[in-house]
Amino acid sequence: MRVWLKSLVFGAVLLTGGAAAAENPIVPGWYADPEIRVFGDRYWIYPTYSDHGETPDLSPHFNEQQKKLREQKTVRPSYHYQTFFNVFSSPDLVHWTKHSHALDVENVAWAAYAVWAPSAIEKDGKYYLFFGANDIQSDDQRGGIGVAVSDRPEGPFKDAIGKPLIDAFHNGAQPIDQFVFRDDDGQHYLYYGGWKHCNVVRLGDDLTSIEPFADGTTYKEITPPGYVEGSFMVKRKGVYYLMWSEGGWTGPDYSVAYAMGPSPTGPFKPMGKILSQDFKIARGAGHHSVVNVPGTDDWYIVYHRRPLDQKSGERRQLAIDRMIFNADGTIAPVIMTNKGVAARPLPARTANRGETK
């Protein structure tokens with residue numbers, strides 16, 4: 001009932017453009033793994049479609065290769081309908097507009113199911129979307145991390161290279177949960193990995209290829225203690241913050257931890273957890289992203305969490321709360337709320353390209 005009521009409020013806001021109080025969850029429906037970016041004069045959130053609501057949302061078409069891949073047994077039945085990304089945009093973190101099927105497997109011939117954890121970035125007027133697909137369990141299976149491209153942040157995105165960018169296990173890392181990061185010198189890195197291993201690779205200038213590091217390695221393992229999945233990178237005042245999720249994604253112990261380091265590849269010093277369940281608010285809080293309001297030192301964390309009355313692992317919702325840095329550069333524990341955040345329009349400025357500094 002609460003989701004249904006929230007849907008009505010969400011729709012009314014979009015139609016009328018009127019003011020509305022902030023609230024967590026921020027949008028109706030079951031979504032997970034949100035990545036937040038700033039493109040132009042709007043905030044953008046790219047999440048995983050986690051579960052059907054009252055009205056199922058489905059991809060319209062599968063090619064013959066995809067149909068054959070979908071005959072394989074998946075870890076969970078829900079993976080079969082996680083075949084697209086809906087995207088949300090907002091001028092102020094409160095009023096959100098839904099952009100349906102920004103990416104759909106209809107435009108990625110090798111992706112058949114388990115399309116997860118999108119990560120977006122802009123370069124030279126193009127928008128690149130990295131994603132995981134097919135939840136491969138070994139190098140013998142077809143799938144991994146792909147990259148799609150569009151002229152607009154809301155898509156439609158189409159496969160950029162016709163195959164996965166990373167299609168195998170390296171250093172024990174399952175090729176899922178990717179995050180693209182642009183450093184101050186313009187170099188792009190892709191952090192990724194499930195199965196308790198985290199890798200980082202250097203992306204080529206075209207963002208559709210991988211290049212070796214100066215030491216000759218290509219897939220550099222940087223797994224911190226406790227790492228499970230959901231890697232994320234933040235840079236602030238010259239310090240690199242590697243962040244990740246711990247615990248089981250279907251359980252109440254899902255949480256977010258971080259480490260600090262002097263470079264994109266570390267070495268990283270573990271600093272502990274900053275986001276965990278709150279028995280008064282929600283369980284299973286994790287797989288987050290972070291955004292800095294351009295020109296300020298104000299930060300927000302976007303994450304998914306499971307309502308206290310839900311037992312299904314897929315029943316996850318999107319939330320936004322403040323993230324605060326202490327005077328010594330460490331991160332204060334995040335306080336989960338149902339109230340959410342106040343409206344925060346973006347300052348007037350030239351278009352931000354989506355990097356987190």
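In this text, all values refer to a predicted model and were calculated from it rather than measured experimentally.

K.L.:
Account for the overall build of the protein chain, naming residues and giving values.
P.N.:
The helix and strand tally for the protein chain stands at 2 helices and 21 strands. The C-alpha atoms of the protein chain give a radius of gyration of 19 Å, which matches the 21 Å a tight globule of 357 residues would have. Structurally, the protein chain occupies a C-alpha span of about 50 × 50 × 40 Å along its principal axes. Looking at the protein chain as a whole, 58% of its 357 residues are labelled buried. Residue pairs in contact within the protein chain that sit at least 24 positions apart in sequence constitute 56% of those at least 6 positions apart. Element-wise, carbon and sulfur atoms account for 53% of the exposed surface of the protein chain, whose accessible area totals about 14,400 Å². Both charge centroids of the protein chain, one from 38 positive and one from 41 negative side chains, sit 4 Å from each other.

K.L.:
Which residues make up unusual backbone geometry, and what are the values?
P.N.:
Cis geometry marks the peptide bond from Asn24 to Pro25, where omega comes out at 5°. Residue position: Pro25 is located in the loop between helix H1 (2-16) and strand E1 (30-40). Here the residue pair Gly266 and Pro267 is connected by a cis peptide bond, since its omega of 5° sits within 30 degrees of zero. Examined against the element boundaries, Pro267 turns out to sit in the loop between strand E16 (255-261) and strand E17 (269-275). Here the phi dihedral of Leu93 falls at roughly 75°; this positive angle occurs in a residue that is not glycine. You can see Leu93 is positioned in the loop between strand E3 (84-90) and strand E4 (97-104). Unusually for a residue other than glycine, Asn171 sits at a positive phi of about 55°. Residue position: Asn171 is located in the loop between strand E8 (158-159) and strand E9 (179-182).

K.L.:
Hey, could you go over the pattern of salt bridges for me, with residue numbers and the actual values?
P.N.:
Charged atoms that come close allow side chains of opposite charge to pair. Counted by the stated rule, this structure contains 16 salt bridges. In the salt-bridge network here, residues are joined through shared partners; they are Lys123, Asp124 and Asp205.

K.L.:
Could you give me a rundown of the pairing of strand E19 (residues 299-307), with the residues and numbers involved?
P.N.:
Burial runs high along E19: 9 of the 9 residues are buried. Direction of pairing for strand E18 (residues 282-292) relative to E19: antiparallel, over a ladder of 7 bridges. By the bridge assignment for E19, Gly286 is matched with His304. Counted between consecutive antiparallel strands, the loop separating E18 from E19 contains 6 residues, among which Gly295 sits at a positive phi close to 85°. Sheet topology note: the E19/strand E20 (residues 317-323) ladder contains 7 bridges and is antiparallel. Paired with Trp299 across the two strands is Met323, which belongs to E20.

K.L.:
Outline the packing of aromatic side chains, listing residues and values.
P.N.:
Under the defined criterion, the tally for this structure stands at 14 aromatic pairs. Relative to Tyr127, the ring of Phe39 lies with its centre 5.1 Å away and its plane at 80°, an arrangement referred to as edge-to-face. Of this pair, Phe39 sits in strand E1 while Tyr127 sits in strand E6 (residues 126-133), and the two are 88 residues apart along the sequence. There is no split in this pair, since Phe39 and Tyr127 are both buried.

K.L.:
Could you give an account of the confidence of the model for the protein chain, with specific residues and numbers?
P.N.:
Should the pLDDT be low somewhere, the predicted coordinates at that spot are not to be read in detail. Chain-level statistics for the protein chain give a pLDDT mean of 93 and a share of 92% at 70 or above. Here residues 1-19 is modelled with pLDDT under 50, and outside its nearest four sequence neighbours on either side it reaches 28 contacts, counting other chains as well. Note on residues 350-357: pLDDT under 50 across the span, and 26 contacts to partners over four residues away in sequence or across chains.

K.L.:
Break down the sheet that holds strand E14 (residues 229-236) for me, citing the residues and quoting the values.
P.N.:
Spatial ordering of the open sheet is given by E14-E15-E16-E17, a layout of 4 strands whose pairing is antiparallel. Every other strand in the sheet has two partners, leaving E14 and E17 as the edge strands with one partner each. Strand-to-strand twist across the sheet, computed as the mean angle between neighbouring axes with direction ignored, equals 25°. With 7 bridges connecting them, strand E15 (residues 239-246) and E16 associate as antiparallel partners. Bridge pairing in E16 links Tyr240 to Gly261.

Rules used in this analysis
- Residues numbered from 1 in each chain as written.
- Predicted model: local features only at pLDDT ≥ 70, side-chain atom pairs only at ≥ 80, totals over all residues.
- Heavy atoms only, no water.
- Helix = DSSP H or I, 4+ residues; strand = E, 2+ residues; numbered from the N terminus.
- Rg over C-alpha atoms; globule rule 2.2 N^0.38 Å.
- Buried < 20%, exposed > 50% of the residue type's maximum accessible area, 1.4 Å probe, protein only.
- Contact = heavy atoms within 4.5 Å.
- Areas by Shrake-Rupley, 256 points an atom, 1.4 Å probe, with all protein chains shown as cover.
- Lys, Arg positive; Asp, Glu negative; His and termini not counted.
- Charge placed at Lys NZ, Arg CZ, Asp CG, Glu CD.
- Salt bridge = Lys/Arg side-chain N within 4 Å of Asp/Glu carboxyl O.
- Pairing = 2+ DSSP bridges.
- Phe/Tyr/Trp six-rings, centres within 6.5 Å; stacked < 30°, edge-to-face > 60°.
- pLDDT = per-residue confidence, 0-100.
- Axes fitted to C-alpha atoms, helices over the stretch in contact; angles between N-to-C directions.

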